[in-house]
Amino acid sequence: GVYSLSKPMSPRPTRANGHERSDMSAQIKAIAHRQMAEHGTAGLSLRVIARALGITAPAIYNYFPRLEDLSTALIVDAFTDLAEAMETAEATEPADRSFEKILALCLAYRAWAMAHPMVFQLIGGNPIPGYHAPTDVTIPLARRPFLGMFRWFIRAHASGALTIPAEYQTVPPTMADGVAAWRRMSGIECKLAALHLSVPITLILDNARYQKCAIVLATAAGRQIELCFLPAYSPNLNLIERLWKFVKKQCLYSRYYADFAAFTTAITDCLSQTHTTHKEALDLLLTLRFQIFEKAQSVTV
């Protein structure tokens, strides 16, 4: 007979539970930080990390399918850690004056950068080759560390403690849009404050750029108001978009207007009839009833 010896197959790995997965993710990030310290941000490699952990390359993909995903996770952690350090410095500064608060925030920013030089390079100026950060994830996080500083600058300017020289008072159009949005937001917040609500306040906003400017975010944070931005490409979640769709159907589809005046008159008349002629149709259209899928599973085919 023919006999052969073979190495018994290792048991199929089981799916990690939440604690094991979190622990492994932390170990992967720790090795990644060590790589960056030794080789710079360009030295990140999932395969090298896998070897350092004693696992196979495919195994690490269960935690971070791509190097870009690991890079994003490191950036998220960095901005979050920086924000928490600055927020702690702001909260522990006893003086309730703008100068002392701004100074405490600046010193906390510098201390964090000095204590984490490689991570600071990751978020501040030494990009990872070929990496493009997902702006919907990183931009809000990048703003968070500076919201307190903007808030105190605004308070200093409002109180007269900070004056802006005349040559710097003219701002670019994009910044002017942000200031205008902040003023609108402040008006909304004043009306909400006047209601003396004892419940958390959340404002639902679309994704217009001026809605996400630093001044708007800082003002909302200072008044403990949560800003909830609608997902991109989801007009059905925005009731005003539904109204515009209705107006287009009434005024544009298969319609001809001899001149612009007739066109604008038709739109104005349609809007003026929203509570009369079109009320029944709009009562059905402008509702908050949505189908929500809970515990849904997606299958790749």
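Everything numeric in this text was worked out from a predicted model, so none of it was measured.

In this structure, what is going on with helix α2 (residues 46-53)? I would like to understand it.
Because each turn of an α-helix spans 3.6 residues, side chains separated by three or four positions end up pointing in the same direction. If you check which residues of α2 are buried, you get L46, I49 and A50. Seen end-on, α2 carries its buried residues on one side only, within an arc spanning 100°. Within α2, the exposed residues directed more than 90 degrees away from the buried face are R47 and R51. G54 sits one or two positions beyond α2 and adopts a positive phi of about 75°.

Explain the pattern of salt bridges to me, please; I cannot follow it from the model alone.
Tallying each qualifying case throughout the model produces six salt bridges. Of the charged contacts in the structure, one is a salt bridge between D283 and K279, with a shortest N-O distance of 2.8 Å. Separated by four residues within a single helix, D283 and K279 lie in helix α12 (residues 279-285), roughly one turn from each other. On the basis of relative accessibility, which here comes to 44%, the residue D283 falls in the partly exposed class.

Would you mind showing me how to read the side chain of S25 here?
Assignment of secondary structure puts S25 in helix α1 (residues 18-39). With a relative accessible area of 16%, S25 lands in the buried category. Excluding anything up to four places from it in sequence, S25 contacts Y63 and F64.

Calculation notes
- Residues numbered from 1 in each chain as written.
- Predicted model: local features only at pLDDT ≥ 70, side-chain atom pairs only at ≥ 80, totals over all residues.
- Heavy atoms only, no water.
- Buried < 20%, exposed > 50% of the residue type's maximum accessible area, 1.4 Å probe, protein only.
- Helix = DSSP H or I, 4+ residues; strand = E, 2+ residues; numbered from the N terminus.
- Arc of directions from axis to C-beta.
- Salt bridge = Lys/Arg side-chain N within 4 Å of Asp/Glu carboxyl O.
- Contact = heavy atoms within 4.5 Å.

Purely geometric numbers; function is a separate question.
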